[in-house]
Amino acid sequence: QNGLVLECAADPLRGDRELVLEAVRQNGKALYCASDPLKADLELVLEAVQQNGMALDYASDALKADRVLVLEAVRQNGMALSYASDPLKADR
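The shown structure was predicted, so the numbers you read here are calculated from the model rather than taken from an experiment.

Asker: Whenever I open this one, the overall build of the chain confuses me. Can you help?
Answerer: If you tally the helices and strands in the chain, you get seven helices and zero strands. For the chain, the N- to C-terminal ordering of α and β elements is α-α-α-α-α-α-α. Across the 92 residues of the chain, 39% fall into the buried class. Counting contacts in the chain only where the partners sit at least 6 residues apart, residues at least 24 apart contribute 38% of the total. When the accessible surface of the chain is summed, it comes to about 5,300 Å², and 51% of that surface belongs to carbon and sulfur atoms.

Rendered as structure tokens:
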């Protein structure tokens, strides 16, 4: 019931896509605990930012430059724009 329980999980579990996907559906900020490859997984990160736009902070740099993903994060929480790549922040 609490996606942040992933914080206590062993490293192999932090790389388990299905487990992390379920965690970010419950709490987008659980993306913080995900393995680096999962922080670059567009579908998984999209789920996280739809639940909590501020989860964009934990996405890979490449995804912070993805216009569609950033727009979704900003729709959920306008303050998420602060985590977007510099070129997207400058794009008005």
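Don't stop here, the text continues.
Asker: Please clarify how the pattern of salt bridges should be interpreted in this entry.
Answerer: Oppositely charged side chains can form a pair if their charged atoms are brought close together. What the rule picks out here adds up to seven salt bridges. The salt bridge partner of Glu18 is Arg17, with a shortest N-O separation of 3.8 Å. Accessibility expressed as a relative area gives 25% for Arg17, which makes it partly exposed. As a salt-bridge pair, Glu47 and Arg25 come within 3.4 Å of each other at their nearest N and O atoms. Of this pair, Glu47 sits in helix α4 (residues 42-51) while Arg25 is found in helix α2 (residues 17-26), placing the two residues 22 residues apart along the sequence. What you see here is one network of salt bridges that share partners, running through Arg17, Glu18, Asp41 and Glu43.

Asker: Looking at this structure, I do not really get the packing of aromatic side chains. What am I missing?
Answerer: Each aromatic ring pair is characterised by the separation of its centres together with the angle its planes make. One pass over the full model with this rule turns up one aromatic pair. With a centroid separation of 5.3 Å and 70° between ring planes, the pair formed by Tyr32 and Tyr58 is classed as edge-to-face. Here Tyr32 is found in the loop between α2 and α3 (36-39), whereas its partner Tyr58 is found in the loop between α4 and α5 (61-64), with 26 residues between them in sequence. Over the aromatic face of Tyr32 sits the side chain of Lys39, whose NZ or CZ is 6.0 Å from the ring centroid.

Asker: I'm lost on the side chain of Lys39 in this one. Help?
Answerer: In this structure, Lys39 sits in helix α3. Of the side chains with opposite charge, Asp36 lies nearest to the buried Lys39, which makes no salt bridge, at 4.2 Å. The residues touching Lys39, leaving out its near neighbours within four places in the chain, are Leu31, Tyr32, Ala34, Val45, Tyr58, Ala59, Ser60 and Leu63.

Asker: Looking at this structure, how should I read helix α6 (residues 67-76)?
Answerer: Residues lying three or four places apart along an α-helix face the same way, a consequence of the helix completing one turn every 3.6 residues. All of the buried residues along α6 are Leu69, Val70 and Ala73. All buried residues of α6 fall inside an arc of 95° around its axis, so they share one side. Those residues of α6 that are exposed and aimed more than 90 degrees away from the buried face are Val68 and Arg75. Check the buried side of α6 and you find it contacts α4, α5 and α7 (86-90).

Reading the values: the criteria
Residues numbered from 1 in each chain as written. Predicted model: local features only at pLDDT ≥ 70, side-chain atom pairs only at ≥ 80, totals over all residues. Heavy atoms only, no water. Helix = DSSP H or I, 4+ residues; strand = E, 2+ residues; numbered from the N terminus. Buried < 20%, exposed > 50% of the residue type's maximum accessible area, 1.4 Å probe, protein only. Contact = heavy atoms within 4.5 Å. Areas by Shrake-Rupley, 256 points an atom, 1.4 Å probe, with all protein chains shown as cover. Salt bridge = Lys/Arg side-chain N within 4 Å of Asp/Glu carboxyl O. Phe/Tyr/Trp six-rings, centres within 6.5 Å; stacked < 30°, edge-to-face > 60°. Lys NZ or Arg CZ within 6 Å of the ring centre and 35° of its normal. Lys, Arg positive; Asp, Glu negative; His and termini not counted. Arc of directions from axis to C-beta.

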